[in-house]
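Chains, contacts and geometry: an overview
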Amino acid sequence: MFNLFNYVPVLFVAVLFIMFVASAVRILPEYERGVLFRLGRLAGVRGPGLFFIIPGIDRLVRVTLRTVVMDVPPQDVITHDNVTVKVSAVIYFRVMEPQRAVVDVENYLYATSQLSQTTLRSVLGQVDLDELLANREKINKELQEILDRHTGPWGVKVANVEVKNIDLPQEMQRAIAKQAEAERERRAKIIHAEGELQASEKLAQAAVILAAEPTALQLRYLQTLTEIAAEKNSTTIFPVPIDLIKMFLDRRDKA
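Attention in this report is confined to the structure presented alongside it. Because the structure is a prediction, the values reported are computed rather than measured. (Residues numbered from 1 in each chain as written. Predicted model: local features only at pLDDT ≥ 70, side-chain atom pairs only at ≥ 80, totals over all residues. Heavy atoms only, no water.)

Take empty space enclosed by the protein next. Enumeration over the complete set of coordinates arrives at 1 cavity of 30 Å³ or more. The volume enclosed by the largest cavity comes to roughly 40 Å³. Around the largest cavity sit Val-72, Ala-89, Ser-116, Leu-120, Leu-143, Leu-147 and Val-161, which together line it. For the lining of the largest cavity, the elements supplying multiple residues, two or more each, are helix H3 (108-124) and helix H5 (136-151). Looking at side-chain class alone, the lining of the largest cavity contains 6 nonpolar, 1 polar and no charged residues. (1 Å grid on protein atoms, 1.4 Å probe; cavity = no way out; pocket = protein on both sides within 12 Å on 5 of 7 lines; lining within 4 Å. Points joined across faces, edges and corners; volume = space filled by probe spheres on them. Helix = DSSP H or I, 4+ residues; strand = E, 2+ residues; numbered from the N terminus. Nonpolar A, V, L, I, M, F, W, Y, C, P; charged D, E, K, R; others polar.)

This is the structure we're talking about:
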C-alpha cells in the first residue's frame with residue numbers, strides 16, 4: 001500500500017532544492033548590470049542575461065545603464081551684479097562603470113543631485129544677469145563640464161545640463177521691460193535720422209540736376225500741379241516762376 005508519509009522527506013528536500021535554485025537564478029535585462037558581493041567582497045559585475053549566485057553568501061546590487069533625467073530643484077541664486085533669481089535645471093547622465101558607482105559612492109543618484117545643485121549656484125553666482133539670459137548655451141556647457149569632471153570618479157557620465165527656467169522678481173521684469181522699450185526707441189530714432197540723412201543727400205543731388213537745367217524745374221512744377229489735381233482738391237496752387245518777377249524786382253532795386 002502506498003504511504004505518502006514515506007515520501008515526505010524526499011518531497012521536503014525537493015522543495016528546498018527548487019527554492020534554492022530559484023533564489024540562485026538571476027536574470028538581468030540588457031540595460032542593467034549587477035554588482036556582485038561575495039561575503040562582503042567585490043566579486044565583479046554580472047549581466048546581462050542569465051547567471052547564478054550563491055544564496056546567503058552573495059549579494060547582488062542592480063544598476064541601470066540607461067540615461068537618467070533628473071530635475072534640479074529651483075535654486076535661489078545671487079548673480080554677480082547682485083540680482084536675486086530663482087533658477088531650475090535638468091541634468092542628463094548615465095552610469096558608465098557600475099562597479100565604481102556602487103563601491104566609490106554611497107548613493108550616486110543622491111550625490112549627483114546634490115552636486116548639481118551646488119554647482120548651479122556656484123557657476124551662476126559668477127555671471128551677470130545679462131550674461132545669464134543671453135549666453136545660456138555657454139553656461140550649460142560650463143555646468144556640464146564641471147559636473148562631468150566631479151562625477152567621473154563615481155563612474156557616472158554627465159551628458160548634458162540645461163538651465164530650464166529663470167524666474168525674475170517683478171521689479172526686475174519691469175526694469176528689463178523699460179530697458180527694452182528704451183532700446184527700441186533709440187533704434188527707431190537712429191533709423192529715422194538715417195532716413196533723413198539719405199533723403200537730404202538725394203534732395204541735394206536733385207537740386208544740382210534741376211539747377212543745371214532750368215526747364216526741368218518748370219516740368220517739376222507742372223508735375224506737382226498734376227498730382228494736386230488728381231486729389232480732387234477745391235484749391236489749386238499755381239506756382240509763379242521767379243524769372244517772371246525777377247525783372248520787376250531788379251527795377252525796384254534800381255529805383
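Moving on, we get to the environment of Leu-28. Here Leu-28 is to be found in strand E1 (residues 25-28). Residue Leu-28 is classed as buried on the basis of its relative accessible area, which comes to 3%. Residues Leu-28 and Thr-64, 36 residues apart in the sequence, show an inter-C-alpha distance of 10.0 Å. Contact partners of Leu-28, with chain neighbours within four places excluded, come to Arg-33, Gly-34, Arg-46, Gly-47, Pro-48, Gly-49, Phe-51 and Arg-62. (Buried < 20%, exposed > 50% of the residue type's maximum accessible area, 1.4 Å probe, protein only. Contact = heavy atoms within 4.5 Å.)

As a further point, take the packing of aromatic side chains. By the definition in use, this model includes 0 aromatic pairs. The residue whose ring lies beneath Arg-66 is Tyr-31, and the NZ or CZ to ring-centre distance is 3.8 Å. (Phe/Tyr/Trp six-rings, centres within 6.5 Å; stacked < 30°, edge-to-face > 60°. Lys NZ or Arg CZ within 6 Å of the ring centre and 35° of its normal.)

Turning our attention to the sheet that holds strand E7 (residues 84-95). Read across the sheet, 3 strands follow the order E6-E7-E8 without closing on themselves; strand pairing throughout is antiparallel. At either end of the open sheet lies a strand with only one pairing partner, and these are strand E6 (68-78) and strand E8 (156-167). In this sheet, adjacent strand axes meet at a mean angle of 25° when their direction is disregarded. One ladder, built from 9 bridges, connects E6 with E7; its direction is antiparallel. Looking across to E7, one finds that Ile-78 is bridged to Thr-84. (Pairing = 2+ DSSP bridges. Axes fitted to C-alpha atoms, helices over the stretch in contact; angles between N-to-C directions.)

Time to look at the side chain of Arg-33. When you line up the elements, Arg-33 lands in strand E2 (residues 32-38). Side-chain polar atoms of Arg-33 contact the backbone oxygen of Glu-30, separated by 2.9 Å. Setting aside residues up to four positions removed in sequence, Arg-33 forms contacts with Leu-28, Val-45, Arg-46, Gly-47, Pro-48, Val-61, Arg-62, Val-63, Leu-65 and Pro-98. (Polar contact = N/O pair within 3.5 Å; in protein donor to acceptor, adjacent residues only side chain to side chain.)

Strands sit in the order E3-E2-E5 across an open sheet of 3 strands; the sheet is antiparallel. Each of the sheet's edge strands pairs with one partner strand only, and the pair in question is strand E3 (41-46) and strand E5 (58-64). Averaged over all pairs of adjacent strands, the angle between their axes in this sheet comes to 25°, without regard to strand direction.

This part covers a nonpolar patch on the surface. On the surface, Phe-12, Val-13, Val-15, Leu-16 and Met-19 cluster together into a nonpolar patch covering about 500 Å² of accessible area. Turning to its location among the elements, Leu-16 is positioned in helix H1 (residues 8-24). Judged by its relative accessible area of 41%, Leu-16 falls in the partly exposed class. (Patch = residues over 30% accessible without salt bridge, like charges linked within 9 Å, V, L, I, M, F, W, Y side chains within 5 Å. Areas by Shrake-Rupley, 256 points an atom, 1.4 Å probe, with all protein chains shown as cover. Salt bridge = Lys/Arg side-chain N within 4 Å of Asp/Glu carboxyl O.)

Attention shifts here to the nonpolar core. If you look at the biggest cluster of nonpolar residues, it comprises 37 residues, and the most contacted ones within it are Val-85, Val-87, Ile-91, Phe-93, Tyr-108 and Leu-132. Secondary structure elements with two or more residues in this core: E2, E6, E7, H3, helix H4 (129-134), H5 and E8. The residues that make up this core include at least three from each of domain 1 (3-64) and domain 2 (67-168). Excluding residues within four positions of it along the chain, Val-85 makes contact with Gln-75, Asp-76, Val-77, Thr-79, Leu-129, Leu-132, Ile-166, Asp-167 and Leu-168. Counting 5 residues, the second largest nonpolar core, distinct from the first, contains Leu-36, Phe-51, Ile-53 and Leu-60. (Core = buried A, V, L, I, M, F, W, Y, C linked by side-chain atoms within 4.5 Å. Domains from an automatic or database assignment.)

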